[in-house]
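# Structural overview
Residue-level listing of the chains:
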Amino acid sequence: MIGKWQRVGLMGTALAFSQSTLAEYAYNLQTPASQVAQNVFDLHNLIMLVCLGIFVVVFGAMFYSLLKHRKSAGHKAAHFHENTTVEVIWTVIPFVILMGMAYPAAKVVIDMKDTTNPDMTIKITGYQWKWGYDYLNDDISFYSNLATPREQIVGSAAKGEHYLLEVDEPMVVPVGKRVRLLITANDVLHAWWVPALGAKQDAIPGFIRDSWFKADKIGTYRGQCVELCGKDHGFMPIVVEVVSEADYAAWVAKKKGAAQTAAADNAKSFEIAELMGRGEKVYEASCAACHQANGMGMPGVFPAINGSRVATGPIADHVAVVLNGRPGTAMAAFAGQLSDADIAAVVTYQRNAWDNKTGDLAQPAAIAAARGGAASEAAAPAAQ
Amino acid sequence: MSDAAHAHDDHGHGHPSGIMRWLTTTNHKDIGSLYLWFALIMLFVAGTMALLIRAELFQPGLQLTNPDFFNQLTTMHGLLMIFGVIMPAFSGFANWQVPLMLGAPDMAFPRMNNWAFWILPVAGLLLMVSFWLPGGAVAGGWTMYPPLFIQGGISYDLTILAVHIMGLSSIMGSINIITTILNMRAPGLTLMKMPLFCWTWLITAYLLIATMPVLAGAVTMLLTDRNFGTHFFNAAGGGDPVMFQHIFWFFAHPEVYILILPAFGIVSQVIPTFARKPLFGYASMVYATASIAILSFIVWAHHMFTVGMPAAAQLFFMFSTMLIAVPTGVKVFNWVATMWKGSMSFETPMLFAIAFVCLFTIGGFSGLVLAIAPVDIQLHDTYYVVAHFHYVLVSGALFSIFAGIYYWLPKWTGHMYNETLGKWHFWLSVIGMNIVFFPMHFLGLAGMPRRIPDYALQFTEFNQIATVGAFIFGFSQLIFLVVVLKTIKGGAKATDRVWEGAEGLEWTLPSPAPYHTFETAPVVK
Amino acid sequence: MKTEVCVGESAGAFVFQSRPNLSLTRPQERLVFWSLAALCFAAASGFAWLGYWLILPFAGLEIGVLAWAFKALRSREGDYEYIMIEGDVVVLEWHCGNHGERRELNRQWARVECSCRTPGRNCRLSLNSHGRATEVGQYLSDEARLQLAAMLRSRLQE
Ligand code: HEM
Ligand SMILES: [Cu+2]
Ligand SMILES: [Cu+2]
């Protein structure tokens with residue numbers, strides 16, 4: 001014989017399952033994939049139950065009154081308007097209920113704040129509008145951009161399954177490891193959030209804040225930037241791939257190989273066609289969000305590159321702007337974000353695309369040289 | 001002796017007419033009406049922006065707006081609704097009702113009252129104009145967080161100027177209200193005999209005066225960071241962007257109570273009238289209001305649980321925020337107890353007041369959920385927060401404003417409003433409001449961030465429901481406009497008492513209330 | 001302060017005294033003003049101490065305006081009207097803000113003038129003598145003012 005409460009439990013489970021199949025109509029927090037997220041999930045359910053209970057009692061009374069104590073039903077008004085006992089009771093009871101809630105909540109707070117003893121540490125940097133990841137233990141660095149094609153956003157192509165929640169380079173971590181996150185930002189505030197992992201932390205330029213998670217299950221977890229950071233705030237998703245220890249090792253090896261190729265590129269000299277091809281890709285990923293694919297910018301907000309004085313004037317100034325940005329504006333300093341080869345490519349591209357047919361060509365070596373002077377230039381006030 | 005025909009012709013003796021009458025008026029009733037008209041116009045302006053936002057969010061993808069314009073819409077919607085609709089509307093009620101309820105001839109400083117109103121449209125204009133400036137309107141969110149706010153163009157400076165002007169207007173308004181309530185009560189009307197509406201406004205004015213310098217300072221420091229090379233909020237120059245958030249919320253959390261305390265006051269006038277029974281627990285209502293005000297100074301960082309504070313700070317702000325639920329609960333219990341064993345009838349003001357009690361409480365519960373720091377960390381900056389503050393501000397503040405208008409309009413105009421239209425307005429608003437905002441709880445729980453112009457596919461259904469609700473809600477406000485205009489033009493003659501259960505000095509006056517009332521104080525026994 | 005009205009006979013003389021309706025008491029005023037000033041300056045100084053000093057000037061300005069407002073209210077605190085009729089002498093005394101005067105009229109020459117803009121409402125009452133009118137009963141309600149008028153008339157015609 002199963003008892004009454006067991007049956008209620010079974011029904012609840014059945015309900016939960018039927019909901020998880022109906023992904024579009026989720027009524028609760030995402031299915032947790034870490035202990036912290038699970039604790040928050042349970043805490044939320046508890047509070048909701050308490051709230052529901054209070055709601056039913058209080059508004060049960062109110063609706064009863066609305067039905068029974070109406071003039072049209074002939075009810076005559078009583079005249080009481082005070083009762084100290086009652087008032088004390090309904091001040092004290094909520095207070096006690098709140099204390100009951102505060103205790104489990106405090107435990108979770110303390111647990112979430114404990115970032116000690118990590119197995120690995122990843123530094124996460126928010127940029128307008130992408131994320132940068134630096135694996136401090138494995139010496140891996142990369143950027144993670146939205147991978148959803150523009151055509152899907154403007155509606156000229158059908159939207160994919162992970163529309164807006166897909167990136168070119170996901171963050172990869174091993175399952176079951178305590179991952180400490182050092183979160184900061186490069187330009188404005190951002191916030192890094194993966195709901196299923198229960199980690200959310202504002203990214204603050206000039207300050208590093210930490211957070212942590214330990215993923216319990218292998219899988220892909222998706223999140224988004226959750227602090228308004230300007231135009232493309234809605235377009236800088238986060239994807240965390242939780243993989244087995246072995247897969248993680250393989251991924252690290254692959255990343256290291258790629259880093260070597262990139263380093264080799266910085267030492268090379270390129271043909272203009274190569275630079276233009278590569279430059280266009282870099283432009284799409286790093287510049288087009290503001291300056292637009294056609295180089296026209298957005299009048300009054302983001303300047304045009306096509307025909308601009310910088311992109312058609314002395315090449316050294318152009319390189320300096322790309323390296324150091326324009327402080328106080330949305331124009332970021334790309335010195336730390338792009339390799340010498342990428343900057344050479346994108347500068348070449350900007351100087352030769354559209355109507356900017358300058359014929360100029362920048363090589364990685366020149367960028368490396370300009371970087372030498374970058375430190376002193378950055379300290380000088382921005383031109384104009 | 002003047003003849004009888006003049007008996008009701010006491011409008012504007014020796015007053016200029018036409019536009020000059022309104023520009024120069026120092027009459028509290030004129031100024032009250034001006035505030036309310038301004039709020040109504042802004043409601044439609046900011047409401048149209050909301051409908052544009054909801055239309056864009058009807059389906060995934062960018063259809064109507066680009067991301068930058070979308071951010072302009074959300075920012076302006078927030079700023080205008082708070083500073084252009086809710087606050088001016090409450091000031092309108094205060095101007096009309098406080099002198100009538102206290103038996104005072106006018107406000108304590110009538111000329112300052114005139115200035116306080118007339119600088120408001122200037123601020124509104126500054127904000128609106130920026131849509132047509134290069135770079136468009138301000139798009140950094142109503143919370144104005146730097147460094148994003150430092151990046152913007154000229155309209156950001158105009159916004160700072162507008163915020164200053166609106167702050168100045170609030171300060172002048174509050175000083176007027178606080179001095180009027182304290183100093184101009186009719187003989188015999190002790191503080192603890194005042195209608196609760198006056199009490200809530202007294203405390204609101206107090207909060208406004210206490211916090212406005214903080215807002216003014218905060219935006220001024222943004223201005224100097226933007227234009228004069230200071231580094232208050234710039235880490236590269238030794239500043240701290242998070243300090244802006246501390247300063248801002250030190251102002252803005254009391255501000256959210258500024259947006260709800262007068263609503264508590266209005267509802268506490270309406271419910272006893274239609275329950276035909278005195279307000280239950282008057283004294284505890286006053287104490288609850290005061291404790292909410294006091295607590296509101298020590299909870300600000302519950303808006304900042306994700307900036308990364310020490311655990312001790314998180315715990316402190318979590319506990320203090322949870323505490324606010326106690327006095328808030330007391331209020332709800334008192335309203336229910338006022339209805340209990342009353343003899344209730346359900347005219348439109350009462351309907352809105354009942355919906356207020358019920359739906360505001362839902363907003364209170366979601367507030368409690370957000371007060372729990374670990375849960376807030378999951379839900380911060382998601383649609384759950386959007387749902388929370390719209391339950392307290394739409395079904396809270398705005399519904400109380402509707403209740404108040406239906407309640408006092410007969411006294412102000414001398415005509416009854418059309419009850420059938422009023423009921424239509426009520427039911428469409430309540431249903432529409434819940435269709436828009438209830439699904440937002442689920443969106444937030446599922447992980448949809450706020451302030452995004454486009455979203456992932458799993459959020460589609462609830463967004464579509466919300467958009468449908470928004471259009472129902474938005475268009476039903478046209479009924480309200482019609483009701484108000486019709487009531488001003490004509491309608492059944494209102495009696496002096498207007499409502500069978502109405503109590504208080506304002507109901508001893510003729511309907512419509514003459515241009516000059518209580519030039520000499522009545523005596524309250 | 002309450003509107004204080006006393007009408008009475010003291011040692012055969014008719015005495016009328018009234019003050020404006022100022023419901024704010026001194027302790028209330030002190031509580032409101034000083035608690036607001038303390039709150040504003042505490043918050044502003046706290047932030048200033050952290051380097052965010054631009055709140056202070058606004059706090060100062062605002063509390064200044066508040067102080068002015070309360071001072072403006074207080075300036076009416078000493079206002080009063082006083083009428084005494086004894087024998088053939090009518091003494092009129094009033095004080096309003098910085099102004100005030102004391103007038104002695106001859107009972108035989110004093111005239112009561114009362115006019116209402118609308119019947120029974122918005123009435124003004126004054127005592128005239130030698131072509132000069134002094135308004136009285138300003139702080140009274142219309143009904144009380146009309147009563148005072150009647151009372152003065154009967155007193156002056158005795
Ligand atoms: C029981 C009472 C309440 C509690 C415990 C409470 C708690 C909270 C918390 C913790 C947040 C932060 C959410 C987040 O950003 O993560 C919040 C946001 C907010 N609350 Fe409340 N709240 C209450 C009542 C109210 C009332 C009465 C109002 C106004 C009428 C209000 C207006 C707001 C607004 C406007 C925000 C969002 C501000 C923004 O980020 O844009 N709340 N509330
Ligand atoms: Cu963002
Ligand atoms: Cu708050």
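Presented here is an overview of the structure given in this document. (Residues numbered from 1 in each chain as written. Chains lettered and ligands numbered in written order. Predicted model: local features only at pLDDT ≥ 70, side-chain atom pairs only at ≥ 80, totals over all residues. Heavy atoms only, no water.)

### A few points about the overall build of chain A
Keep this limit in mind: Here a helix means four or more residues in a row that DSSP labels H or I, a strand means two or more in a row labelled E, and each is numbered from the N terminus. Within these notes, the globule rule equals 2.2 Å times the number of residues to the 0.38 power, and the radius of gyration is based on C-alpha atoms. To sort residues, take the accessible area from a 1.4 Å probe on protein chains only and compare it with the maximum for the residue type: under 20% means buried, over 50% means exposed, and anything in between is partly exposed. Under the convention used here, Asp and Glu are negative, Lys and Arg are positive, and both His and the chain ends fall outside the count. Charge positions come from single atoms, namely NZ of Lys, CZ of Arg, CG of Asp or CD of Glu.
Counting secondary structure elements, chain A contains ten helices and ten strands. On C-alpha atoms alone, chain A measures out to a radius of gyration of 28 Å, which is more than a quarter above the 21 Å that the 2.2 N^0.38 rule sets for 384 residues. Sorting the 384 residues of chain A into buried and exposed places 44% on the buried side. Taken as two groups, the 32 positive and 35 negative side-chain charges of chain A have centres that lie 9 Å from each other.

### Topic: the coordination of the copper ion (ligand 2)
Residue and element names in this part refer to chain A. Filter applied, for reference: Coordination shells were defined by N, O and S atoms within 2.8 Å of each metal, extended to 3.2 Å for Na, K and Ca; water is absent from the atom set, which can make sites look incomplete. Geometry is assigned from the angles between donors: four donors with all angles from 85 to 135 degrees make a tetrahedral site, four or six donors whose opposite pairs exceed 155 degrees while the rest stay between 65 and 115 make square planar or octahedral sites respectively, and everything else is labelled irregular.
Within the first shell, the copper ion (ligand 2) binds the protein through C225 (SG), E227 (O), C229 (SG) and H233 (ND1), at distances of 2.1 to 2.6 Å. Taken together, the four donor atoms coordinating the copper ion (ligand 2) and their angles of 84 to 131 degrees define a geometry best described as irregular. All donors of the copper ion (ligand 2) come from a single chain, and their spacing in sequence reads C-x1-E-x1-C-x3-H. Here E227 and C229 have matching classes, each one buried.

### Topic: the coordination of the copper ion (ligand 3)
The textbook angles at a metal center are 109.5 degrees for a tetrahedron of four donors and 90 or 180 degrees for an octahedron of six. Residue and element names in this part refer to chain B. Taken together, H253 (ND1), H302 (NE2) and H303 (NE2) make up the full set of protein donors to the copper ion (ligand 3), lying 1.8 to 2.0 Å away. Going along the chain, you hit the donors of the copper ion (ligand 3) in the pattern H-x48-H-H. A distance of 4.7 Å spans the gap from the copper ion (ligand 3) to the iron atom of ligand 1.

### Points about unusual backbone geometry
Residues and elements named next belong to chain B. Of note, the amide linkage connecting P146 to P147 takes the cis form, showing an omega dihedral of 5 degrees. With respect to the helices, strands and loops of the structure, P147 is situated in the loop between α4 (110-129) and α5 (148-151). S511 connects to P512 through a cis peptide bond whose omega is -5 degrees. The residue P512 is located in the segment after α16 (460-489) in this model. Even without a glycine there, the phi angle at R451 is positive, about 60 degrees. Along the polypeptide, R451 turns up in the loop between α15 (419-446) and α16. Its relative accessible area of 11% is what places R451 among the buried residues.

### A short note on the site of ligand 1
All names here are of chain B. Rules: Summary of the distance rule: residues count as near a molecule or strand when at least one heavy atom falls within 4 Å of that molecule or strand. Two N or O atoms count as a polar contact when they lie within 3.5 Å, although within protein this holds only if one can serve as hydrogen donor and the other as acceptor, and sequence-adjacent residues are included solely when both atoms are side-chain atoms. Throughout this entry, Asp, Glu, Lys and Arg are counted as charged residues, while Ala, Val, Leu, Ile, Met, Phe, Trp, Tyr, Cys and Pro are counted as nonpolar. The remaining residues, Gly among them, count as polar.
Around ligand 1 sit 22 residues in total, of which W142, D376, H380, H388 and R450 are the nearest. At 2.9 Å, a side-chain N or O of H388 approaches a nitrogen atom of ligand 1. No other element matches the six residues that helix α12 (residues 348-371) contributes to the shell around ligand 1. The class makeup of the residues in the shell around ligand 1 is 13 nonpolar, seven polar and two charged.

### Section: the interface of chain A and chain B
We count it as follows: Whether two residues touch is decided by their heavy atoms; if any such pair falls within 4.5 Å, the residues are in contact. Summed over both partners, the accessible surface that disappears when two parts come together, traced with a 1.4 Å probe, is what is meant by buried area. A pairing counts as a salt bridge when a side-chain nitrogen of Lys or Arg comes within 4 Å of a carboxyl oxygen of Asp or Glu.
Contact with chain A, which involves 94 residues of that partner, is made by 95 residues of chain B. The contact between chain A and chain B buries some 8,000 Å² in all, and 71% of this surface belongs to carbon and sulfur atoms. Of all residues in chain A, W90, K200 and L228 of chain A bury the most surface against chain B, accounting for 8% of the area lost on that side. Here chain A and chain B share one salt bridge between them. Across the salt bridge formed by K71 of chain A and E500 of chain B, the nearest N and O atoms sit 3.0 Å from each other.

### Details of the sheet that holds strand β5 (residues 178-185) of chain A
All names here are of chain A. Definition in use: When DSSP locates at least two bridges between a pair of strands, those strands are taken to pair. Simply put, an axis is a line fit to the C-alpha atoms, just over the touching stretch for a helix, and the angle between two N-to-C directions goes from 0 to 180 degrees.
One open sheet holds the five strands; their spatial order is β3-β2-β1-β5-β8, and the pairing between them is mixed. Each end of this open sheet is capped by a strand with a single partner; those strands are β3 (140-144) and β8 (209-214). Averaged over all pairs of adjacent strands, the angle between strand axes in this sheet comes to 25 degrees, irrespective of strand direction. Where strand β1 (residues 120-127) lies against strand β2 (residues 130-135), six bridges are found, and the strand directions are antiparallel. Across the sheet, T125 pairs through a bridge with G132, a residue of β2.

### What about the nonpolar core?
Short version of the rule: For the purposes of this section, nonpolar cores are sets of buried Ala, Val, Leu, Ile, Met, Phe, Trp, Tyr and Cys residues that join through side-chain atoms within 4.5 Å.
Grouped together as the largest cluster of nonpolar side chains are 270 residues, with contacts concentrated most on F93, I247, W335 and V357 of chain B. Every residue in contact with I247 of chain B, bar those within four places of it in the chain, is listed here: V214, A218, M221 and F233 of chain B together with F47, Y52 and I55 of chain C. Residues W131, V179, I183 and V240 of chain A belong to the second largest nonpolar core, which totals 42 residues.

### Some thoughts on the interface of chain B and chain C
Between chain B and chain C, the residue contacts involve 49 residues of the former and 41 residues of the latter. For the pair chain B and chain C, the summed buried surface comes to about 3,600 Å²; carbon and sulfur atoms form 71% of the total. Across the chain B-chain C interface, the total number found is zero salt bridges. Joining chain B to chain C, the criterion identifies nine residue pairs in polar contact (both at pLDDT 80 or more). Elements supplying a minimum of two residues to the side of chain B that touches chain C: α6 (154-183), α7 (196-227) and α8 (241-258) of chain B. A per-element tally of the side of chain B that touches chain C places α7 of chain B first, with 13 residues. Class assignment for the residues of the side of chain B that touches chain C results in 31 nonpolar, 14 polar and four charged.

### Focus on the pairing of β1 of chain A
Residues and elements named next belong to chain A. Most of β1 is tucked away, with seven of its eight residues classed as buried. Bridge analysis of β1 against β5 gives seven bridges, and the strand direction is parallel. Paired with T121 across the bridge in β5 is R180. As consecutive antiparallel partners, β1 and β2 are separated by two residues.

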